[in-house]
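What follows is each chain in one-letter form.
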Amino acid sequence: MQDDAQSPSWRPPSLDALLRSASGADLVAIFGRQASAACLRDAIQAARTAGGSDDAALLGDAALCLAKRRALSIKPVFNLTGAVLHTNLGRAPLADTAISAMQQASGFVNLEYDLAKGRRGERDSHITEWLTTLTGAEAGLVVNNNAAAVMAVLNTLSRGKEAIISRGELVEIGGAFRMPEVMVRAGVKLREVGATNRTHLKDYEDAITDKTAMIVRVRPSNYAITGFTSSVPEKELAALAKANDVIFYDELGAGALVDFRQWGLPYERTVQEALSDGADIVSFSGDKLLGGPQAGMIVGRADLIKRVAKNPLKRALRLDKATLAALAATLQLYDDPDSVAEQLPSIRLLARKVDDIRQTANRMADALRPLVAQWAVQVEGCASQIGSGALPVDMLPSAAVTMTVPEAIMRGRGRRLDRLAAAFRALPQPVIGRIAEDRFWLDCRCLEDEAGFIAQLGELQVP
Ligand SMILES: *Cc1c(COP(=O)(O)O)cnc(C)c1O
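For clarity, every value in this text was computed on a predicted model and none was experimentally measured.

Helices and strands together make up the secondary structure of the chain, namely 20 helices and 15 strands. Relative to its 463 residues, the chain shows a buried fraction of 49%. Here the analysis covers contacts within the chain between residues at least 6 apart in sequence; of these, 73% occur between residues at least 24 apart. Split by element, the accessible area of the chain, about 22600 Å² in all, is 50% carbon and sulfur. Across the chain, the 54 positively charged side chains and the 55 negatively charged ones have centroids separated by 5 Å.

Set out below in structure tokens:
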């Protein structure tokens with residue numbers, strides 16, 4: 001066989017024969033005939049180029065190819081970046097109750113079915129009562145995400161008319177979602193007022209005409225303007241809007257339903273405050289500070305919510321049953337604000353005390369030291385971020401395991417660090433850290449499954 005394999009005139013075995021062999025039949029039983037044949041064909045083709053191979057090797061290559069084909073590309077990771085609500089890593093981790101609600105809603109469910117009356121019901125009915133009870137709003141509805149909520153609100157309530165917004169709030173939220181462009185797409189004429197750092201009530205007042213539909217306040221979530229600044233309090237904007245019979249729309253972004261200061265976290269305006277300050281309509285995200293699945297909430301005056309609900313865009317932006325179930329279960333946790341910090345992973349992680357994080361970091365450093373023997377492994381203080389543009393300038397004291405390039409390496413230190421980071425990403429449950437100041441940092445704030453983290457370290461290929 002060896003001689004065969006190396007001969008330039010290698011003749012590949014027949015695909016059928018391979019599929020009929022004992023190992024071939026095993027592959028077919030697990031992965032199906034079509035995929036097994038496709039992978040074997042690829043293996044034979046590669047062997048042809050390489051000059052030959054034997055049957056066992058071909059079947060082995062096909063098995064690897066099939067396993068790869070079967071593995072889902074989306075999978076759990078350890079988020080040790082230090083950003084809790086990391087958009088690239090799926091933002092809020094869901095509560096257990098939200099996860100099981102999602103599972104339960106996966107089959108047939110009363111999604112749009114009124115069980116009492118035995119006829120068609122309302123999809124959003126599963127969450128509207130929670131939204132109104134928790135926020136004090138007259139009415140509410142939900143769409144696919146907050147970007148969609150902004151689009152739906154603007155398009156419904158000011159299409160063909162003007163929306164007044166401060167120049168300091170014409171923000172880009174990320175992923176090319178720029179407020180001015182969204183407004184144009186929504187069919188709204190943008191009326192910018194004030195200057196980047198300062199806008200006064202008079203600026204808004206002067207801009208109101210009979211073409212004005214609304215005044216918009218956008219919370220500039222992912223950056224902060226500091227220094228010589230001034231913006232008009234929401235209460236005054238609401239009063240001005242009311243006096244001129246236009247809508248006041250408060251676009252909150254982050255979506256806090258509780259006061260985060262109770263956990264020593266920075267102040268974040270809540271939805272309840274926005275409404276009690278007089279906003280006619282408010283929008284916010286489901287997977288930022290709320291800690292739920294990706295969704296966008298719109299709450300406020302019943303007449304306005306009704307109009308949004310009737311917009312065909314609402315149909316295009318509606319939630320699926322699993323997300324709706326997870327959102328309902330997440331909102332339900334706020335019914336007991338005293339336990340929400342325990343039940344909701346996002347708040348639990350944000351509120352985690354630095355001493356506790358440091359203890360985790362110490363244990364992880366002990367586990368890592370023997371494995372990355374040449375690297376200097378330390379526990380160091382660092383600052384986590386909330387992430388997702390929430391509370392942008394505030395950093396949370398945290399602790400990290402850091403790994404510094406071995407002393408002996410003088411050149412190519414950067415590449416060595418990149419390779420260490422890649423090795424952690426290559427683990428079965430990838431570990432995502434960050435490189436800064438010549439070290440690789442694993443911020444332990446979001447590390448709760450210590451056993452799972454340690455269990456796979458044996459597979460780490462240290463560069
Ligand atoms: C994050 C954010 C959005 C977008 O919300 P998604 O839920 O990510 O679509 C819109 N506006 C503001 C102010 C935000 O911070």
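Still to come is the rest of the account.
Read from one edge to the other, the open sheet built from four strands follows the order S11-S12-S15-S14, with strand pairing classed as antiparallel. The open sheet has two edge strands with one neighbour each: strand S11 (376-385) and strand S14 (434-436). Neighbour-to-neighbour, the strand axes of the sheet open up by a mean angle of 40°, direction not taken into account. Pairing of S14 with strand S15 (residues 439-443) involves three bridges; the strand directions are antiparallel. Residue pairing in the sheet places Arg434 in a bridge with Trp441 of S15. Set on the sheet, helix H19 (residues 413-425) makes contact with strand S12 (395-404), S14 and S15; between it and S15 the angle comes to about 30°.

Now for the state of the cysteines. In protein chemistry, a disulfide is the covalent bond that joins the sulfur atoms of two cysteines. Within this structure, the stated rule accounts for one disulfide. Disulfide partner of Cys39: Cys65, at an S-S distance of 1.9 Å. Across the disulfide from Cys39 to Cys65, rotation about the S-S bond amounts to roughly -65°, and the bridge is consequently left-handed. In this pair, Cys39 sits in helix H4 (residues 33-50) while Cys65 sits in helix H5 (residues 55-70), placing the two residues 26 residues apart along the sequence. By relative accessible area, Cys65 is classed as partly exposed at 24%. With no disulfide of its own, Cys382 lies 8.2 Å from the sulfur of Cys444, the closest cysteine sulfur. A relative accessible area of 0% places Cys444 in the buried class.

Here the focus is unusual backbone geometry. With phi around 50°, Glu437 is a residue other than glycine that occupies positive phi space. By the element assignment, Glu437 lies in the loop between S14 and S15. Even without being a glycine, Asp438 presents a positive backbone phi close to 65°. Residue placement: Asp438 occurs in the loop between S14 and S15. By relative accessible area, which is 44% here, Asp438 ends up partly exposed.

All right, on to the confidence of the model for the chain then. Should pLDDT be low for a region, the predicted coordinates there are not to be read in detail. When pLDDT is averaged along the chain, the result is 92, and 95% of the positions lie at 70 or above. Here residues 1-5 is a poorly scored stretch, pLDDT under 50, and it has nine contacts once near neighbours within four places are set aside; other chains count.

This part is about the sheet that holds strand S7 (residues 212-218). Taken in spatial order, the seven strands make up an open sheet running S4-S10-S9-S8-S7-S5-S6, and their pairing is mixed. Only two strands of the sheet have a single partner each, and these edge strands are strand S4 (139-143) and strand S6 (189-193). Averaged over all neighbouring strand pairs, the angle between strand axes comes to 20°, with direction disregarded. Note that S4 and strand S10 (residues 296-300) share five bridges and pair antiparallel. By the bridge assignment for S10, Val143 is matched with Gly296.

With that settled, consider the packing of aromatic side chains. For the coordinates displayed, the defined rule picks out three aromatic pairs. Geometrically, the ring pair formed by Phe78 and Phe453 is edge-to-face, given 5.6 Å between the ring centres and 90° between the ring planes. In this pair, Phe78 is assigned in strand S1 (residues 78-79) and Phe453 in helix H20 (residues 450-455), connecting sequence segments 375 residues apart. A single burial state applies to Phe78 and to Phe453, both of which are buried. Between Phe260 and Trp263, the aromatic rings sit 5.6 Å apart at their centres with planes inclined by 75°, giving edge-to-face as the arrangement. Note on accessibility: Phe260 and Trp263 belong to one class, buried.

The packing of two helices is summarised by the inter-axis angle and the distance between the axes. The interhelical angle for the contact between helix H3 (residues 22-31) and H4, taken along N-to-C directions, is 130°, at an axis separation of 7 Å. Taken together, the axis directions place H3 and H4 in an arrangement best described as oblique. Every residue of H4 that contacts H3 at Leu27, Val28 and Phe31 is listed here: Arg33, Ala35 and Ser36.

With five of five residues buried, strand S9 (residues 281-285) lies mostly within the body of the structure. Taking every second residue as pointing to the same face, both faces of S9 are buried, with Ile281, Ser283 and Ser285 on one and Val282 and Phe284 on the other. Strand direction decides the pairing type here: strand S8 (residues 247-253) and S9, joined by four bridges, are parallel. Residue pairing across strands places Asp250 opposite Val282, the latter belonging to S9.

Inspection of helix H7 (residues 125-135) places Ile127, Leu131, Thr132, Leu134 and Thr135 among the buried residues, and these make up the whole buried set. Turning to H7, the residues buried within the fold contact S4, helix H12 (271-276), S9, S10 and helix H15 (321-333). Backbone geometry just downstream of H7 places Gly136 in the positive-phi region, at approximately 80°.

Definitions and cut-offs
Residues numbered from 1 in each chain as written. Predicted model: local features only at pLDDT ≥ 70, side-chain atom pairs only at ≥ 80, totals over all residues. Heavy atoms only, no water. Helix = DSSP H or I, 4+ residues; strand = E, 2+ residues; numbered from the N terminus. Buried < 20%, exposed > 50% of the residue type's maximum accessible area, 1.4 Å probe, protein only. Contact = heavy atoms within 4.5 Å. Areas by Shrake-Rupley, 256 points an atom, 1.4 Å probe, with all protein chains shown as cover. Lys, Arg positive; Asp, Glu negative; His and termini not counted. Charge placed at Lys NZ, Arg CZ, Asp CG, Glu CD. Pairing = 2+ DSSP bridges. Axes fitted to C-alpha atoms, helices over the stretch in contact; angles between N-to-C directions. Disulfide = S-S within 2.5 Å. pLDDT = per-residue confidence, 0-100. Phe/Tyr/Trp six-rings, centres within 6.5 Å; stacked < 30°, edge-to-face > 60°. Parallel < 35°, antiparallel > 145°, perpendicular 65-115°, else oblique.

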